[in-house]
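Now for the letters of each chain:
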Amino acid sequence: MRKILFVFLLFLVFSVPSYAEEGTYKTYTDIGELEPPTVTISYVLSSRDEFDRKIFILDGQVGELRFKRMANGRKFTLFQFFESDPERRINIYARGFVEGIEDGSRVRIWGRYSKHKRYFLTKRKNIMKAKKIHILTGSPGS
């Protein structure tokens, strides 16, 4: 019984995330130009089953931009992505803090779309993990 308890305690000690200095994590914004998209956000949302788990390029506008950190210290960026109607949107997840992006920016994104994605206890709809981001223009107010 003591051996089992000892092994369990060792497992807990080594599985706890490190809260030391944050390392450098690759972000996907230094990639130069992306080719123009062949699909639109409206088309993806109207035929979600066809695009589920596929990689493609989209153009759109950024809304509700948030920069967050995981418990282990990794940075990530979340925002809503839409063409003209904020109600018809795709949620975007990108590793790292995306530099130079603001609410209202026009961007081109290359990434993998999922119609449903589960994160721990929550389930999100219409989410795309951005692999590459190219900022076309800044926010309209700048």
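Residues numbered from 1 in each chain as written. Predicted model: local features only at pLDDT ≥ 70, side-chain atom pairs only at ≥ 80, totals over all residues. Heavy atoms only, no water.

Caption draft 1: Broad picture of the overall build of the protein chain. Tallying secondary structure elements over the protein chain gives three helices and five strands in all. Along the protein chain, helices (α) and strands (β) appear in the sequence α-α-α-β-β-β-β-β when read from the amino end. Of all 142 residues assigned to the protein chain, the portion counted as buried reaches 32%. Partitioning the contacts of the protein chain with sequence separation of at least 6, the portion at a separation of at least 24 is 57%. (Helix = DSSP H or I, 4+ residues; strand = E, 2+ residues; numbered from the N terminus. Buried < 20%, exposed > 50% of the residue type's maximum accessible area, 1.4 Å probe, protein only. Contact = heavy atoms within 4.5 Å.)

Caption draft 2: How the structure looks around the sheet that holds strand 4 (residues 106–119). Judged by pairing direction, the barrel is mixed, and its five strands sit side by side in the order 1-2-3-5-4 before closing back on the first. For this sheet the average axis-to-axis angle between neighbouring strands, irrespective of direction, equals 45 degrees. Summarising the sheet, strand 4 and strand 5 (residues 122–137) pair through 13 bridges and their orientation is antiparallel. Paired with Arg108 across the strands is His134, a residue of strand 5. (Pairing = 2+ DSSP bridges. Axes fitted to C-alpha atoms, helices over the stretch in contact; angles between N-to-C directions.)

Caption draft 3: Region of interest: the packing of aromatic side chains. Using the criterion set out here, one finds six aromatic pairs in the structure. For the ring pair Tyr43 and Phe51, a centre distance of 5.5 Å and an interplane angle of 80 degrees mean the geometry is edge-to-face. Put simply, the rings of Tyr43, Phe51, Phe56 and Tyr113 touch in pairs and so form one group of aromatic residues. In this arrangement the basic side chain of Lys132 is found over the ring face of Trp110, its NZ or CZ atom lying 5.0 Å from the centre. (Phe/Tyr/Trp six-rings, centres within 6.5 Å; stacked < 30°, edge-to-face > 60°. Lys NZ or Arg CZ within 6 Å of the ring centre and 35° of its normal.)

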